[in-house]
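# Geometric and topological summary
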Amino acid sequence: MKILVVEDDQIIAETLADALTKEFFVVDIATDGEAGWHQAKAFNYDLILLDVMLPKLDGITLCQKLRSINKKIPILLLTARDNSQDKIKGLDAGADDYVVKPFNLEELLARIRASLRRGNDPASVIKKWGSLCLNPQSCEVSYNDKQLNLTPKEYEILNLLMHNTQRVFSCSVIIDRVWDLEDTPTEDTVRAHIKGLRHKLKSVDAPTDLIETVYGLGYRLKQEKNNLPPKKRKKHDKSQHNISQQPKENLQNSINTIWDRVKGSITERIDLVEQAIIAGKNGKLETNLQHQAQQEAHKLVGSLGTFGLNHGSDLSREIETLLASELPIDSTKISHISKLLTTLRNEIDGHSSKIDNKQSVNQELKYLDAKSSTQTYLSYTNNFSQECKLLLILEDNLLAKELTKEATTKKVQSMVVKNSTLLTDMDACINHNCNFHCQDLLFSANVALLDLEIASNAEKILAKFSSQMPFLPVVVLNTQGDLSDRIKIAKLGASAYLTKQIPAAQVIDVVLDIWRKNQIPGTVMIVDDDLPTLEITKHILMQWGIKVVTLNDERYFWKTLEDTAPDLLILDIEMPHFNGIDLCKVIRNDPHWSGIPVVFITAHKDSNIHNQIFAAGADDYLSKPFRYSELVTRILNRIKRTPSI
């Protein structure tokens, strides 16, 4: 498989190239954004590893441009910036993952393998073609259980053919996919490798024409009925299952309501930890009680952080660490845990009082405070209806009339607002100080179309949409179409850039295409024995029109999976009967489910645990406590670009 590394730091680029080459990847290197763009257009890559801070063309802009020409290729961003806003910006640009420098090389390689697993034919799944078997994990090939000793290039050619069994590969395509730019061979070299492959296959009693020549075209694996891949498993009709979905409402008010419902169980967890401490003070702390208290403290780390009690989460993590000590726990640690528990109780009581006060003051608020980027990101509960709603931001009445007429023809509901008044109206809506008509325009639209030339404040409007309403795709209309203009608009967050020479019908087609791509008819299955985390995560995702299946007893995992056929799995690690890592391994070993995206949500900070997660086949993980916006961005991006199971 072939990887493009776009990195201007020569030491990092060469280190990555060496490590990936040892893993049997073919690696090309580009040292600036423009070179990366040209190479990505000219050659086919299986994955792109992309630095954010690049000369000539930055990584975020390059990522957006790459997505415009290839919707499915995995893109991993490398950056020294480690904050949620930068991560969200990168993921919104189309990246599949985000790795912070300095990075652990083993973890990066695991993330690369995880990204390559996505798709109909995951890269790490054992491939079979009749009696021929290729194991990408060990790079071993066998025929009827007889081992073949292949050279790296022979292996890569066979892997390419087995990864695309219905396709004929010409010599030039094989060169493109198997050799790097600095070592480009002639077509005779490819033919020599094919000949060598056939000879080695014959030596283990494989048919001499297993790799057949399609004259005038190239090579492919011989098509036989018993070799044809099985039909894809059809999904169950999800409408027949009891999948939770509730009316859209103010997210923060909903979270507060959930807090009122679960704070009793959180208090019970603290009580159990306190029981262990009392037993420790009396010299009667037993191993079972200590372990149970440690587990309850571990669950508090995630639960409290999810509700925004980050200090409470830190206190719980410290308690968990202290309880991990071997018995007997000395009196100093017992005393310290007792003080931490007192502080933790005060933190929870203060949070509850604050919620009670807010609820009494803000009962009549209908919209979230959009000044908070996280809240704004989730305040938009996208209308997943059968009709697209288009917000036209124009001053040109003739253009507005043409677009409105074409929109009506194609059953698109259009709403027109003037550029000159929109900035004022947006600020008023953000501060909950405008009429409901303005709110309906801004918060019910699926796509916005902005004429960049008519008003001088059009770029300010685009910037405001990008920073405060990033959930709303904005299509820009402009007379100019040169590269510098396109880059400037891409940096401001536009979803598409169209010139005014394009007919109105084609403009509406682009709007419809963007709208359809943003429709997420997905189902997410969450497996977690921690009920507060389970409920709050479910509610966050449902705000985005995602159907959610929850399971707090992992013993029923397989039955629930088969009954509901989700598009993505969210797993916790530590559960009473089976841990999430083992469940992930079971998924990756099953041909029907091996391609489903798996995301872990965990309170563990240990890099060894993270490596185990990726080694088991996970696509991603989030550390508790997490930001709601980052969770939604990661989940939506996975569902959008993952083919159906």
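Since the model is a prediction, treat every value here as computed from it, not as a measurement.

So, about the overall build of the protein. When you go through the protein residue by residue, the secondary structure sums to 24 helices and 21 strands. Counting every position in the protein, which comprises 645 residues, the buried fraction comes to 55%. For the protein, the exposed area adds up to about 29,200 Å²; of that, 49% sits on carbon and sulfur atoms.

Next up on the list: the packing of aromatic side chains. Taken as a whole, this structure holds two aromatic pairs when the rule is applied. Summarising the aromatic geometry, the rings of Phe-557 and Trp-558 are spaced 6.4 Å apart at their centres and angled 55 degrees between planes, so their arrangement reads as tilted. Relative accessible area serves as the criterion here: at 31%, Trp-558 is assigned to the partly exposed category. Summarising the aromatic geometry, the rings of Phe-614 and Tyr-621 are spaced 5.9 Å apart at their centres and angled 70 degrees between planes, so their arrangement reads as edge-to-face.

Taken as a whole and judged by the stated rule, the model has 21 salt bridges. Ionic pairing is found between Asp-28 and Lys-2, a salt bridge with its closest N-O pair at 3.7 Å. Linking Asp-28 in strand 2 (residues 26–30) with Lys-2 in strand 1 (residues 2–6), this pair joins segments that are 26 residues apart in sequence. Among the residues examined, Lys-2 registers a relative accessible area of 1% and is labelled buried. Beyond isolated ion pairs, a larger network of salt bridges with shared partners links Asp-97, Arg-111 and Asp-620.

With eight of eleven residues buried, helix 3 (residues 59–69) lies mostly within the body of the structure. Turning to helix 3, its buried residues number three or more, namely Gly-59, Ile-60, Thr-61, Leu-62, Cys-63, Lys-65, Leu-66 and Arg-67.

Counting buried residues in strand 15 (residues 474–478) gives five out of five residues, a clear majority hidden from the surface. Here strand 15 shows a buried face lined by Val-474, Val-476 and Asn-478 and a second buried face lined by Val-475 and Leu-477. One ladder, built from four bridges, connects strand 15 with strand 16 (residues 496–499); its direction is parallel. Directly across from Asn-478, in strand 16, lies its bridge partner Thr-499. Handedness of the strand 15-helix 18 (residues 483–491)-strand 16 crossover: right-handed.

To continue, consider the side chain of Ser-142. When you line up the elements, Ser-142 lands in strand 8 (residues 140–143). The contacts of Ser-142, once residues within four sequence positions are left out, are Ser-131, Leu-132, Cys-133, Gln-147 and Leu-148.

Structurally, the α-helix is built with 3.6 residues per turn, so residues lying three or four positions apart point the same way. For helix 20 (residues 531–542), built from twelve residues, the straight-helix expectation of 16 Å at 1.5 Å per residue is met to within 8% by its first-to-last C-alpha distance of 16 Å. Buried residues dominate helix 20, accounting for eleven of its twelve residues. Among the residues making up helix 20, those that are buried are Pro-532, Thr-533, Leu-534, Glu-535, Ile-536, Thr-537, Lys-538, His-539, Ile-540, Leu-541 and Met-542.

Attention now moves to the packing of helix 7 (residues 171–178) against helix 8 (residues 187–203). Two numbers describe how helix 7 lies on helix 8: the axes approach to 9 Å, and their chain directions differ by 85 degrees. In terms of their interaxial angle, helix 7 and helix 8 are classed as roughly perpendicular. Between helix 7, through Cys-171, Ser-172, Ile-174 and Ile-175, and helix 8, the contact on the second element is made entirely by Glu-187, Val-190 and Arg-191.

The next point concerns the nonpolar core. By size, the foremost hydrophobic cluster in this structure holds 48 residues, and its most contacted members are Ile-319, Val-524, Leu-541 and Ile-635. When residues of this core are assigned to their parent elements, the largest contribution, ten residues, is made by helix 9 (residues 251–281). Once residues within four sequence positions are removed from consideration, Val-524 is found in contact with Leu-541, Ile-546, Lys-547, Val-548, Val-549, Pro-566, Leu-568, Ile-570, Ile-635 and Ile-639. Membership of the second largest hydrophobic core comes to 30 residues, among which are Val-141, Leu-148, Val-178 and Leu-197.

The five strands lie next to each other as 13-12-14-15-16, forming an open sheet whose pairing is parallel. Sheet topology places strand 13 (412–417) and strand 16 at the edges, where each strand pairs with a single neighbour. If you compare each strand with its neighbour and ignore which way they point, the axes differ by 20 degrees on average. Direction of pairing for strand 14 (residues 447–451) relative to strand 15: parallel, over a ladder of four bridges. Looking at the pairing, Leu-450 lines up with Val-476 of strand 15. Strands strand 15 and strand 16 of the sheet are contacted by helix 18, whose axis makes an angle of about 145 degrees with strand 16.

Here Thr-533 lies in helix 20. With 39 residues separating them in the primary sequence, Thr-533 and Asp-572 have C-alpha atoms 9.8 Å apart.

Our next topic: the sheet that holds strand 1. Read from one edge of the open sheet, five strands run 2-1-3-4-5, paired in parallel fashion. On the outer flanks of this sheet lie strand 2 and strand 5 (97–100), each paired with one strand and no other. Between one strand and the next, the sheet's axes are offset by a mean angle of 20 degrees, whatever the strand orientation. Two elements, strand 3 (residues 47–51) and strand 4 (residues 75–79), share four bridges in a ladder whose sense is parallel. When the sheet's bridge partners are listed, Asp-51 is paired in strand 4 with Leu-78.

Now for unusual backbone geometry. The backbone of Asp-145 sits at a positive phi, close to 65 degrees, despite the residue not being glycine. With respect to the secondary-structure elements, Asp-145 resides in the loop between strand 8 and strand 9 (146–148).

To continue, consider the side chain of Glu-156. Along the polypeptide, Glu-156 turns up in helix 6 (residues 152–163). Buried charge Glu-156 goes without a salt bridge, the closest partner of opposite sign being Lys-153 at 7.5 Å. Ignoring sequence-local partners within four residues, the contact set of Glu-156 consists of Met-1, Phe-24 and Val-178.

Turning our eyes to something else, we now look at the environment of Pro-597. Mapped onto the secondary structure, Pro-597 falls in the loop between helix 22 (580–588) and strand 20 (598–602). Taking C-alpha positions, Pro-597 is 9.9 Å from Ile-587, a pair spaced ten residues apart along the chain.

Further remarks concern the confidence of the model for the protein. For the protein, per-residue confidence averages 76 on the pLDDT scale, and 78% of positions sit at 70 or higher. Per-residue pLDDT, averaged within each element of the protein, yields its smallest value for helix 13 (residues 373–379) (35) and its largest for strand 19 (residues 568–571) (93). Considering only residues more than four positions removed or in separate chains, one finds that residues 119–123, a stretch of pLDDT under 50, has 17 contacts. Low pLDDT, under 50, characterises residues 360–385; the stretch is placed with 71 contacts to residues that sit more than four places away or in other chains.

It is worth spelling out the packing of helix 2 (residues 33–42) against helix 3 at this point. The contact between helix 2 and helix 3 brings their axes to 10 Å, and the two run at 10 degrees. Taken together, the axes of helix 2 and helix 3 lie roughly parallel to each other. Residues Gly-33, Trp-37, Ala-40 and Lys-41 of helix 2 form the contact with helix 3, whose own contacting residues are Leu-62, Lys-65, Leu-66 and Ile-69. Among the residues forming the contact of helix 2 with helix 3, the class breakdown is five nonpolar, one polar and two charged.

Parameters at a glance
Residues numbered from 1 in each chain as written. Predicted model: local features only at pLDDT ≥ 70, side-chain atom pairs only at ≥ 80, totals over all residues. Heavy atoms only, no water. Helix = DSSP H or I, 4+ residues; strand = E, 2+ residues; numbered from the N terminus. Buried < 20%, exposed > 50% of the residue type's maximum accessible area, 1.4 Å probe, protein only. Areas by Shrake-Rupley, 256 points an atom, 1.4 Å probe, with all protein chains shown as cover. Phe/Tyr/Trp six-rings, centres within 6.5 Å; stacked < 30°, edge-to-face > 60°. Salt bridge = Lys/Arg side-chain N within 4 Å of Asp/Glu carboxyl O. Pairing = 2+ DSSP bridges. Right-handed = clockwise from strand over helix to strand, strands pointing away. Contact = heavy atoms within 4.5 Å. Expected span 1.5 Å × (residues − 1). Axes fitted to C-alpha atoms, helices over the stretch in contact; angles between N-to-C directions. Parallel < 35°, antiparallel > 145°, perpendicular 65-115°, else oblique. Core = buried A, V, L, I, M, F, W, Y, C linked by side-chain atoms within 4.5 Å. Lys, Arg positive; Asp, Glu negative; His and termini not counted. pLDDT = per-residue confidence, 0-100. Nonpolar A, V, L, I, M, F, W, Y, C, P; charged D, E, K, R; others polar.

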